[in-house]
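This is what each chain is made of:
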Amino acid sequence: MRYLPTSKLTPGMALGQDIYDGAGRLLLAKHLLLSEEYISNLEFLGFPGIYIDDEFTQESGTESSA
């Protein structure tokens, strides 16, 4: 899982975490594949970035910072 700014998101990327609104309601669920519409809505709602799952983070497992 890695953090990307919304401006770097592309359709087909998978969410790494659930996304909630300010009231705690689930907006998008983990592992959902992003579409252009979802990306536009995240930008409109003011999300600076999100966590995504990708082939790099899935292969490397969890990383520890030393």
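The rules we used
- Residues numbered from 1 in each chain as written.
- Predicted model: local features only at pLDDT ≥ 70, side-chain atom pairs only at ≥ 80, totals over all residues.
- Heavy atoms only, no water.
- Core = buried A, V, L, I, M, F, W, Y, C linked by side-chain atoms within 4.5 Å.
- Buried < 20%, exposed > 50% of the residue type's maximum accessible area, 1.4 Å probe, protein only.
- Helix = DSSP H or I, 4+ residues; strand = E, 2+ residues; numbered from the N terminus.
- Patch = residues over 30% accessible without salt bridge, like charges linked within 9 Å, V, L, I, M, F, W, Y side chains within 5 Å.
- Areas by Shrake-Rupley, 256 points an atom, 1.4 Å probe, with all protein chains shown as cover.
- Salt bridge = Lys/Arg side-chain N within 4 Å of Asp/Glu carboxyl O.
- Pairing = 2+ DSSP bridges.

Describing the nonpolar core
One broad trend across soluble globular proteins is that nonpolar side chains are buried collectively.
Thinking step 1. Listed in full, the eleven residues of the largest apolar core are Leu4, Leu9, Met13, Leu15, Ile19, Leu28, Leu34, Ile39, Leu42, Ile50 and Ile52.
Thinking step 2. Among the secondary structure elements, those contributing two or more residues to this core are helix H1 (36-44) and strand S5 (49-53).

Examining a nonpolar patch on the surface
Thinking step 1. On the surface, Met1, Tyr3 and Tyr51 cluster together to form a nonpolar patch covering roughly 300 Å² of accessible area.
Thinking step 2. Position of tyrosine 3 relative to the elements: it lies in strand S1 (residues 2-5).
Thinking step 3. We classify tyrosine 3 as partly exposed; its relative accessible area is 43%.

Quick look at the pairing of S5
Thinking step 1. The buried count for S5 comes to four of five residues, which makes it a mostly enclosed element.
Thinking step 2. By the bridge criterion, four bridges tie S1 to S5 in an arrangement that is antiparallel. When the bridges of S5 are listed, tyrosine 3 appears paired with tyrosine 51.

Observations regarding the pattern of salt bridges
Thinking step 1. In the structure shown here, the tally under the stated rule is two salt bridges.
Thinking step 2. Arginine 2 is the partner of aspartate 54 in a salt bridge, and the nearest nitrogen-oxygen pair spans 2.3 Å. Within this pair, whereas aspartate 54 is found in the loop between S5 and helix H2 (55-60), its partner arginine 2 is found in strand S1, the two being separated by 52 residues in sequence.
Thinking step 3. Residue arginine 2 is classed as partly exposed on the basis of its relative accessible area, which comes to 33%.
Thinking step 4. The partner of arginine 25 in a salt bridge is aspartate 21, with the nearest N and O atoms 2.7 Å apart.

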